[in-house]
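# Structural description and commentary
Each chain, written out:
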Amino acid sequence: MIKFEVGPKGCGKTKKIINDVNAAVNNEKGNVVCVSASDRLTHDVSRDVRLVNTEMFDIKGFDMFAGFLSGIIARDFDTTHIFVDSIFKSVGDAEMADLDKFVPVLEKLNKDFGVSFTIMVTAEAASATPNVKKYTVD
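The structure contained in this document is the topic of the report that follows.

Definitions and limits used
Residues numbered from 1 in each chain as written. Predicted model: local features only at pLDDT ≥ 70, side-chain atom pairs only at ≥ 80, totals over all residues. Heavy atoms only, no water. Helix = DSSP H or I, 4+ residues; strand = E, 2+ residues; numbered from the N terminus. Rg over C-alpha atoms; globule rule 2.2 N^0.38 Å. Buried < 20%, exposed > 50% of the residue type's maximum accessible area, 1.4 Å probe, protein only. Contact = heavy atoms within 4.5 Å. Core = buried A, V, L, I, M, F, W, Y, C linked by side-chain atoms within 4.5 Å. Salt bridge = Lys/Arg side-chain N within 4 Å of Asp/Glu carboxyl O. Phe/Tyr/Trp six-rings, centres within 6.5 Å; stacked < 30°, edge-to-face > 60°. Pairing = 2+ DSSP bridges. Axes fitted to C-alpha atoms, helices over the stretch in contact; angles between N-to-C directions.

Right, let's talk about the overall build of the protein chain for a bit. Helix and strand counts for the protein chain come out as five helices and five strands. Along the protein chain, from the amino end to the carboxyl end, the secondary structure elements read β-α-β-β-α-β-α-α-β-α. Whereas a compact globule of 138 residues would reach a radius of gyration of roughly 14 Å, the protein chain reaches 14 Å, a difference of no more than 12%. The principal-axis extents of the C-alpha atoms in the protein chain amount to approximately 35 × 30 × 30 Å. Sorting the 138 residues of the protein chain into buried and exposed places 46% on the buried side. The long-range fraction of contacts in the protein chain, counting pairs at least 24 apart against all pairs at least 6 apart in sequence, stands at 72%.

Structure below.
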């Protein structure tokens, strides 16, 4: 499963990801990872979630981010779900067109390793590109 939550800043995406992460850790049989560009979710998500702060890794672009996600999966084949809060903050200088080109990478990781992805995108829903729209939740 791949799911994008697209919406403007302040529309409740962070609250939603906190709820979804905590539900996943209780309901899924494998390990849950939450990727964020800061430590702000530390006290909000279950301690059973592996919280990863991308700020420490100086990620530049979606190619590096793909390697980063692959490394998370390679380190722990029991990972069942990766949540990404504010993907554009984690990736750096990127925009919706870049995310559109990244979707096939997510599809491959999902198919090859059975890892689900839930990704928060701060943008207007109307700006979503075809690949992003395919997986966008209303």
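Still more ground to cover, so stick around.
Core analysis: the largest hydrophobic core is formed by 32 residues, its most contacted members being Phe 4, Phe 65, Ile 82, Ile 87, Leu 99, Phe 117 and Val 121. Elements represented by at least two residues in this core include exactly strand E1 (2-7), strand E2 (31-36), helix H2 (61-75), strand E4 (79-84), helix H3 (87-91), helix H4 (96-113) and strand E5 (116-122). Here this core gets seven residues from one element, more than from any other, and that element is H2. Leaving out residues up to four positions away in the same chain, Phe 4 has contacts with Leu 99, Val 103, Leu 106, Ile 119, Val 121, Val 132, Tyr 135, Thr 136 and Val 137.

Here the structure, examined in full by the defined rule, presents seven salt bridges. A salt bridge links Asp 20 to Lys 3; its shortest N-O distance comes to 3.9 Å. On the criterion of sequence distance, the pair formed by Asp 20 in helix H1 (residues 13-27) and Lys 3 in strand E1 is long-range, its members being 17 residues apart. Accessibility assignment for this pair places Asp 20 and Lys 3 in one class, buried. With a relative accessible area of 18%, Asp 20 lands in the buried category.

Quick look at the packing of aromatic side chains now. Under the criterion given, the structure shown has five aromatic pairs. Arranged with centres 5.9 Å apart and planes meeting at 50°, the rings of Phe 65 and Phe 102 form a pair that is tilted. Of this pair, Phe 65 sits in helix H2 while Phe 102 sits in helix H4; the two residues are 37 residues apart in sequence, bridging distant segments of the chain. In this structure Phe 102 comes out as buried when scored by relative accessible area, which is 2%. An aromatic cluster is defined as three or more aromatic residues linked by ring pairs; in this entry it consists of Phe 57, Phe 62, Phe 65, Phe 68 and Phe 102.

Moving on: the environment of Lys 101. Inspection of the secondary structure puts Lys 101 in helix H4. Judged by its relative accessible area of 62%, Lys 101 falls in the exposed class.

Taken in spatial order, the five strands line up as E1-E5-E4-E2-E3 in an open sheet, and their pairing is parallel. Of all the strands in the sheet, just E1 and strand E3 (50-53) have a single pairing partner and so form its edges. Neighbouring strand axes in the sheet, compared pairwise and without regard to direction, differ in orientation by 15° on average. One ladder, built from five bridges, connects E2 with E4; its direction is parallel.

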